[in-house]
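Report on the structure
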Amino acid sequence: MTPKPDVAGTSPPPEEPAGRPGIPLWDLVRGAFEDPSRRVTVLGGAACLGLLLLLFRDTLWDFYYSWTTDENYSHGFLVPLLSLYFANQVAAKGPAPVRGGAILGGLLLAAAILVRLVAIPLPLAFLGELALIAGLAGLFAVLAGSAALRRYWFPFFFLLFMVPLPIALYTRVASPLQLMASQMASAVMNLTGLPVLCEGNHMTLPGGVQMFVAEACSGMRQMTGFLALATAVAYLTTKPGWYRAVVVLAALPIALTANVARIVLTGYVMHYVNPQYASGAYHTLEGILMMGFGLLLLNSLCVLMDQLTPRAEGVGFPGRAMLNMNLVPLPAPKEAS
Amino acid sequence: MTRAHRCLIAGALLMSGLAARAGLEGVNRTERPPLRRPLSSLPMELGDWVGRDEAVEPSIVERAQTTEYLNRVYESRTRPGLRLTLWVNYSEKGTNLRHTPEICLPSGGWEKVESQTRVFEVPSPNGDALKLTRLGYSKGELVKQVGFWYYIFGEGKLENYVRQLPITSRSSHAQTTKGSSMTVETFHPGEQDPDGAALKDFARSLLVALEPILPEARAEYYVP
């Protein structure tokens, strides 16, 4: 393929041969830096990025604080890394023409700056956090053009998963989930012969053993992580739109199911084994096991849906590789018959 | 448009933003005021009420995200048998504001009784009236009433105004408030004070006693 000249009249460097090992995103930046006509974009872009981060330094601190102190968002550190991974994948397609985008990007960047400024006197830090992502996208559009923004939209969109929800909103969502998980877990335990009295998030097991479903067990923690993971899987797959939508939407019931299973397991352990195994390191281990259970459910759903979609050549299910599961695939409908 | 022009546009926007930010920060410096005296200095006798401290489980203290707290049971001298539990939670970073009766009580199996919800006005020492919410909650046969109001200290008038609007009163985890905050909650059995007279009487005495403890730059809120 012959490289097309961009609007500035310069030709992008020849594309790397297919299959060459390396980091496409890094190669793209290095290639631009080595090209004297594009070096200004790299240097100016780096300077502008520095200014943007300086402008949003409080927001960056908020992120760091939330990710290190709130276990609901401890996955926050991974999100920018995954975004870079996705950007790297997009970069493998080669450079996008630098065309248009200055007005759109400028407006986006200006709006982000304005929101950041508004969040200084007003208690609207959440909007300031969203504005950082908008600012990054706007800056990118100004420097790289609208075609590049269209190409790289997902890495920017994915950054939303690093933003902690406002406390008021989080609590409004987590509290009903917490109650729902308690009620469902109690129902399961009662159905399986373990009588439980459920009052809100307090459960009383036989013998007066008390069990409290904490906010951490509401399912929100798994939900935020699962939602990010499911979105990544949906993006990476080449399946149809409905398949991707189901993967993303399934994150919610899967997180809730895994959480109910965790509470039921804790109840069984407290009643049949020893209440001391329902706290501390054992409880954390349960949490990890249930995360694995959730991943298994997500993977099973994908395997099931694979049976409903036509198999495309050379297209595998990316979720499986991501989930690092080595399940035996079910036979395709044709083979099964 | 050349690449250099693009860099210049972005750089100019960002530099303007930085300059505006510096100016805004200069006129909007906010501190997180500490309490002027420890909460434990609140008198044991508040008007007709006599109190005693009650221990709180460490797990509850941890979940309450409190910097300093007070948990007391006050008994009325004039209404024998009427006891009222006072829970005051001060947080330097405002993280306690996620704990409101409407969030925390349902998690303990309590259901809100809408018909018992009222907003009362109680005269405060500065001459104004403080608004507080009284909520009713039931669990089986039990009914309890909860009085609730809270303060945010140190924020400016603009923040105080915005908090009245239905957009956001509490923001992200790291920056819940720009100032410090304190919630005040009272609990007592519902049948002992159906019209809220005891609660208003207690709140009136409490406000007088709290005055030397609370930072002066404060805003009062009552919606749970």
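Rules and cut-offs
- Residues numbered from 1 in each chain as written.
- Chains lettered and ligands numbered in written order.
- Predicted model: local features only at pLDDT ≥ 70, side-chain atom pairs only at ≥ 80, totals over all residues.
- Heavy atoms only, no water.
- Helix = DSSP H or I, 4+ residues; strand = E, 2+ residues; numbered from the N terminus.
- Buried < 20%, exposed > 50% of the residue type's maximum accessible area, 1.4 Å probe, protein only.
- Contact = heavy atoms within 4.5 Å.
- Areas by Shrake-Rupley, 256 points an atom, 1.4 Å probe, with all protein chains shown as cover.
- Phe/Tyr/Trp six-rings, centres within 6.5 Å; stacked < 30°, edge-to-face > 60°.
- Domains from an automatic or database assignment.
- Buried area = accessible area lost by both parts, 1.4 Å probe.
- Salt bridge = Lys/Arg side-chain N within 4 Å of Asp/Glu carboxyl O.
- Polar contact = N/O pair within 3.5 Å; in protein donor to acceptor, adjacent residues only side chain to side chain.
- Nonpolar A, V, L, I, M, F, W, Y, C, P; charged D, E, K, R; others polar.
- UniProt positions renumbered as here; feature names shortened; annotations may be inferred.
- Pairing = 2+ DSSP bridges.
- Axes fitted to C-alpha atoms, helices over the stretch in contact; angles between N-to-C directions.
- pLDDT = per-residue confidence, 0-100.

Observations concerning the overall build of chain A
For chain A, the count of helices and strands is 14 helices and three strands. For chain A, with 337 residues in total, the buried portion stands at 47%. Put simply, 70% of the contacts in chain A that link residues at least 6 apart link residues at least 24 apart. With an accessible surface of roughly 16,400 Å², chain A has 69% of that area assigned to carbon and sulfur atoms.

Section: the packing of aromatic side chains
Residues and elements named next belong to chain A. Per the stated rule, a full pass over the model turns up 26 aromatic pairs over all chains. Judged by centre distance (5.2 Å) and plane angle (70°), the ring pair of Phe-86 and Phe-154 falls under edge-to-face. One end of the pair, Phe-86, is in helix α4 (residues 78-91); the other, Phe-154, is in helix α8 (residues 153-158), and 68 residues separate them in sequence. Note on accessibility: Phe-86 and Phe-154 belong to one class, buried.

Brief notes about the environment of A:Gly267
All names here are of chain A. Topologically, Gly-267 is positioned in helix α11 (residues 241-273). Along the backbone, Gly-267 and Thr-204 are 63 residues apart, and their C-alpha atoms lie at a distance of 9.6 Å. Sequence-distant contacts of Gly-267, that is, excluding residues within four places in its chain, are made with Met-189, Leu-194, Leu-205 and Met-211.

Some details on the domain arrangement of chain A
How large an interface is tends to be reported as the accessible area lost when its parts come together. All names here are of chain A. Domain parsing of chain A yields domain 1 (25-164) and domain 2 (168-307). Relative placement of domain 1 and domain 2: their C-alpha centres are 33 Å apart. Between domain 1 and domain 2, the residue contacts involve eleven residues of the former and eleven residues of the latter. Both faces combined, the contact of domain 1 with domain 2 buries some 1,100 Å², and carbon together with sulfur accounts for 68% of it. Linking domain 1 with domain 2 are zero salt bridges.

Let's talk about the pattern of salt bridges
Counted under the stated rule, the structure contains 16 salt bridges over all chains. For the salt bridge of A:Arg30 with A:Asp27, the shortest nitrogen-to-oxygen distance reads 3.7 Å. With A:Arg30 and A:Asp27 both in helix α1 (residues 24-34) and three residues apart, this pair spans about one turn of that helix. With a shortest N-O distance of 3.4 Å, B:Glu54 and B:Arg52 are connected by a salt bridge.

Digging into the interface of chain B and chain A
In this complex, chain B contributes 42 residues to the contact, which on the side of chain A involves 63 residues. Taken over both partners, the interface formed by chain B and chain A buries close to 4,500 Å², and the fraction arising from carbon and sulfur atoms is 66%. In this assembly, chain B and chain A are joined by two salt bridges. The tally of links from chain B across to chain A stands at four residue pairs in polar contact (both at pLDDT 80 or more). Mapped by element, the contributors of at least two residues to the side of chain B that touches chain A are α1 (3-27), α3 (101-107) and α4 (157-164) of chain B. Per-element accounting of the side of chain B that touches chain A gives the leading share, 15 residues, to α1(B). Of the residues assigned to the side of chain B that touches chain A, the class counts are 17 nonpolar, twelve polar and 13 charged.

Here's the deal with the UniProt feature "signal peptide" (unreviewed entry) in chain B
Taking the UniProt record as the reference, the feature "signal peptide" (unreviewed entry) is found at residues 1-22 of chain B. Between the C-alpha atoms that bound residues 1-22 of chain B the distance is 31 Å, and the span itself is 91% helix and 0% strand.

What about the sheet that holds strand β2 (residues 202-205) of chain A?
Residue and element names in this part refer to chain A. Spatially, the three strands line up as an open sheet ordered β1-β2-β3, and their pairing is antiparallel. For this open sheet the edge positions go to β1 (197-199) and β3 (209-212), each flanked by a neighbour on one side alone. Averaged over all pairs of adjacent strands, the angle between strand axes in this sheet comes to 20°, irrespective of strand direction. By the bridge criterion, three bridges tie β1 to β2 in an arrangement that is antiparallel. Bridging from a neighbouring strand, Cys-198 pairs with Met-203 of β2.

Some points on the confidence of the model for chain B
Residues and elements named next belong to chain B. Confidence along chain B averages 87 in pLDDT terms, with 94% of residues attaining 70 or more. Within the model, the stretch residues 168-174 combines pLDDT values under 50 with 40 contacts to residues more than four positions away or in other chains. Reported confidences for the modelled complex are a pTM of 0.71 and an ipTM of 0.73.

So, the domain arrangement of chain B
Domain boundaries in chain B define domain 1 (1-30) and domain 2 (32-222). On a C-alpha basis, the centroid separation for the pair domain 1 of chain B and domain 2 of chain B is 43 Å.

A few points about the environment of B:Arg83
Residue and element names in this part refer to chain B. Tracing the chain through its elements places Arg-83 in strand β4 (residues 83-91). Distance in space between the C-alpha atoms of Arg-83 and Val-143 is 14 Å, their sequence separation being 60 residues. Those residues within four positions of Arg-83 in sequence are excluded, and the remaining contacts are Arg-52, Val-73, Tyr-74, Glu-75, Phe-187, His-188, Pro-189 and Gln-192.

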